[in-house]
Amino acid sequence: MKKNNLTLIDAYNLWYDGLEVDYLSGNFDLMIQSTCNLHCKDCTVLDFLGHEYSGQTMKLEDVVTINEKLIRLGVVLERLTLLGGEPTLNKDIIKIIKYLSKFKNITFQELKLITNGLNFKKDIVDSFKYLDNLRISIYPYSKDLEIELKNSHLLEYLESITNVEIKEEFYFQAHGSPDPKMEYSKELNWERCWQKYFCRHLTINGMYRCTILENIDQELCDMTDKNKLVDYVNSEVPFDFCEKCPQPPITKPWQSNNPEVDKKNSKRGISLIKGWNDE
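Quick caveat: nothing in here was measured; it's all calculated off a predicted structure. Along each chain, residue indices are assigned from 1 in the same order as the chain's sequence is written. Per-residue local features of the predicted model are confined to residues with pLDDT of at least 70, and side-chain atom pairs are confined, for both listing and counting, to 80 or more; whole-chain, interface and lining totals are unaffected and use all residues. Side-chain calculation: all heavy atoms of the structure are included, whereas hydrogens and water are not.

Student: In this structure, what is going on with the side chain of Asp262? I would like to understand it.
Tutor: By the criteria applied, helices consist of DSSP H or I runs no shorter than four residues and strands consist of E runs no shorter than two, each listed in order from the N terminus. Residue position: Asp262 is located in helix α10 (residues 259-274). Buried and unpaired, Asp262 has no salt bridge, with Lys263 as the nearest side chain of opposite charge at 9.8 Å. Discounting chain neighbours no more than four positions away, the residues touching Asp262 are Asn37, Leu38, His39, Tyr141, Trp254 and Ser256. Residue burial is assigned from relative accessible area. The probe radius is 1.4 Å, only protein chains are included, and a residue is buried under 20% of its type maximum, exposed over 50%, and partly exposed in between. Charge counting follows a simple rule: Lys and Arg are positive, Asp and Glu are negative, and His as well as the terminal groups are ignored. A side-chain nitrogen of Lys or Arg and a carboxyl oxygen of Asp or Glu constitute a salt bridge if their distance falls within 4 Å. Contacts are residue-level and defined by heavy atoms, with any inter-residue pair within 4.5 Å sufficient.

Below you can see the structure in the form of structure tokens.
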């Protein structure tokens, strides 16, 4: 794809007329928050194989650095998704959303955020108007959240400013735990893995092809060479670790690693929704 006569916002002065642009299909994750107000067992990010995530929470300047790398490379992502942890806990969340919204059709086509909906403060809610898509994940401890979204008319408001998806997360895949009924191999795991197209992770240091590779810090693409990055994203060759990553793993009912705290945070989050327009 080639875009001519494009001028980036003057303050950045990074885009040049006639730059050949490569379109990268699929989803790309920007994990901006390394903590969460829920403690989901078997979370592929924060509880991968029982190990705590070692990544860092991003500041606005970190997001700017990553976005400017995309600009210099000359690539446009189909979808950029903000997530965590819980992304709304990030102190710069509103600034990050507003900043990225200026780059639609420059470094990405769609801007999405995935949240558990338990930190819907009024100013955060209002910033969702800059998103193209909002996904609200509901867990067993927050199962009344959807009812309160409707009763408080917050869902109606959200649907008036962006596209909203509500998804129940009552079952989790236990990554690393094979299903005894299935046959596995490096090639079969790669073929069955949905993450290879939907969980590419952008970091300060570069891109990982999936959540799992980021957690084990392997196969990083440093995002300094466009051809190398395009080949990395489009490659259909399994990684060595795919042999150790059974796909699909067994599925288990959702569980909390800290039930007392998660029940408390769910209750607080639902209270925020009930009074979201009282501020």
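Let's pick the thread back up.
Student: Can you help me understand the pattern of salt bridges in this one?
Tutor: Taken as a whole, this structure holds eight salt bridges when the rule is applied. The partner of Lys104 in a salt bridge is Asp132, with the nearest N and O atoms 2.6 Å apart. Of this pair, Lys104 sits in the loop between α2 (93-101) and β5 (108-115) while Asp132 sits in the loop between α3 (122-127) and β6 (133-138), and the two are 28 residues apart along the sequence. Here the residues in one salt-bridge network are Arg135, Lys167 and Glu169, joined through shared partners.

Student: How should the nonpolar core be read in this particular structure?
Tutor: If you look at soluble globular proteins, the nonpolar side chains tend to sit buried side by side. Ranked by internal contacts, the top residues of the largest apolar core, which has 70 residues, are Leu30, Leu82, Leu100, Phe120, Phe128, Leu202 and Leu229. Ranked by the residues each element gives to this core, the list is headed by helix α1 (residues 60-73), at six residues. Once you skip the residues sitting within four places of it in the chain, Leu100 turns out to touch Leu30, Val63, Asn67, Leu80, Leu82, Phe108 and Leu111. Here, nonpolar core refers to any group of buried Ala, Val, Leu, Ile, Met, Phe, Trp, Tyr and Cys residues whose side-chain atoms link them within 4.5 Å.

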